[in-house]
Amino acid sequence: QVQLVESGGGLVQDGGSLKLSCAASGLDFRGYVSAWFRQASGKEREFVAQMRYTKLYNDFVRGRFSISRDNDKNTVYLQMNSLKPEDAAVYYCALGQPRGSELLPTEYDYWGQGTKVTVSS
């Protein structure tokens, strides 16, 4: 059974930092593209960052967020710096087989339960 468990969300002030973690089990982690998406209240889920061998970021987080992974720990991370109120959302990690752009939620096979990030102004 594949399981993705996220942690690290919470409340932070404008300009603050958080580090999200997503631990995977039940699959060969190395073979998957790992990604972070987010979904703000009333909005669609949107791509934040992904990596397998290279890293790709959405423009709105480039330079502030950093995705990384530890294949030995089956864990993917998202370091978020200079957080803004508009970054507030539920953040989801996802794993998918490499099959395309890996920018769309539909391209991912497994999802975590989400971790909420709140940024106060």
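Here the structure is shown first, and the text comes after it.
Residues numbered from 1 in each chain as written. Predicted model: local features only at pLDDT ≥ 70, side-chain atom pairs only at ≥ 80, totals over all residues. Heavy atoms only, no water.

Peer 1: I keep staring at the environment of Tyr110 and nothing clicks. Help me out?
Peer 2: With respect to the helices, strands and loops of the structure, Tyr110 is situated in strand β10 (residues 110-111). According to the relative accessible area criterion, Tyr110 is partly exposed, its value standing at 29%. Residues Tyr110 and Asn58, spaced 52 residues apart in sequence, show a C-alpha to C-alpha distance of 20 Å. Non-local contacts of Tyr110, meaning those with residues more than four positions away in its chain, are made with Val2, Leu4, Leu27, Tyr32, Cys93, Ala94 and Leu95. (Helix = DSSP H or I, 4+ residues; strand = E, 2+ residues; numbered from the N terminus. Buried < 20%, exposed > 50% of the residue type's maximum accessible area, 1.4 Å probe, protein only. Contact = heavy atoms within 4.5 Å.)

Peer 1: Can you walk me through the pairing of strand β5 (residues 46-51) in this structure?
Peer 2: Taken residue by residue, a regular strand's side chains alternate between the two faces of the sheet. The element β5 is largely enclosed, with a buried count of five among its six residues. Where strand β4 (residues 33-39) meets β5, five bridges bridge the pair, whose relative direction is antiparallel. From the neighbouring strand, Arg38 faces β5, where its bridge partner is Glu46. The hairpin turn running from β4 into β5, its antiparallel successor, is six residues long, and Gly42 in that turn takes a positive phi close to 80°. Where β5 and strand β6 (residues 55-57) come together, three bridges link them in antiparallel fashion. The residue bridging Met51 from the neighbouring strand is Lys55, located in β6. (Pairing = 2+ DSSP bridges.)

Peer 1: What is the right way to look at the packing of aromatic side chains in this model?
Peer 2: Two aromatic rings are characterised by how far apart their centres lie and by the angle between their planes. In this structure the tally under the stated criterion is six aromatic pairs. Ring geometry for Phe37 and Phe47: centres 5.8 Å apart, planes at 75°, overall edge-to-face. Of this pair, Phe37 sits in strand β4 while Phe47 sits in strand β5, and the two are ten residues apart along the sequence. Look at Phe37 and you get buried, because its relative accessible area is 0%. According to the relative accessible area criterion, Phe47 is buried, its value standing at 8%. Between the aromatic rings of Phe37 and Tyr108, the centroid separation amounts to 5.3 Å while the plane-to-plane angle is 75°, which identifies the pairing as edge-to-face. Here Tyr108 lies in the loop between β9 (89-96) and β10 and Phe37 lies in strand β4, a separation of 71 residues in the sequence. Accessibility assignment for this pair places Phe37 and Tyr108 in one class, buried. In this structure an aromatic cluster arises from ring pairing among Phe37, Phe47, Tyr92, Tyr108 and Trp111. Over the ring of Tyr77 we find Lys19; its NZ or CZ atom is 4.7 Å from the centre of that ring. A cation over a ring is seen here: Arg45 above Tyr92, with NZ or CZ 3.7 Å from the ring centre. (Phe/Tyr/Trp six-rings, centres within 6.5 Å; stacked < 30°, edge-to-face > 60°. Lys NZ or Arg CZ within 6 Å of the ring centre and 35° of its normal.)

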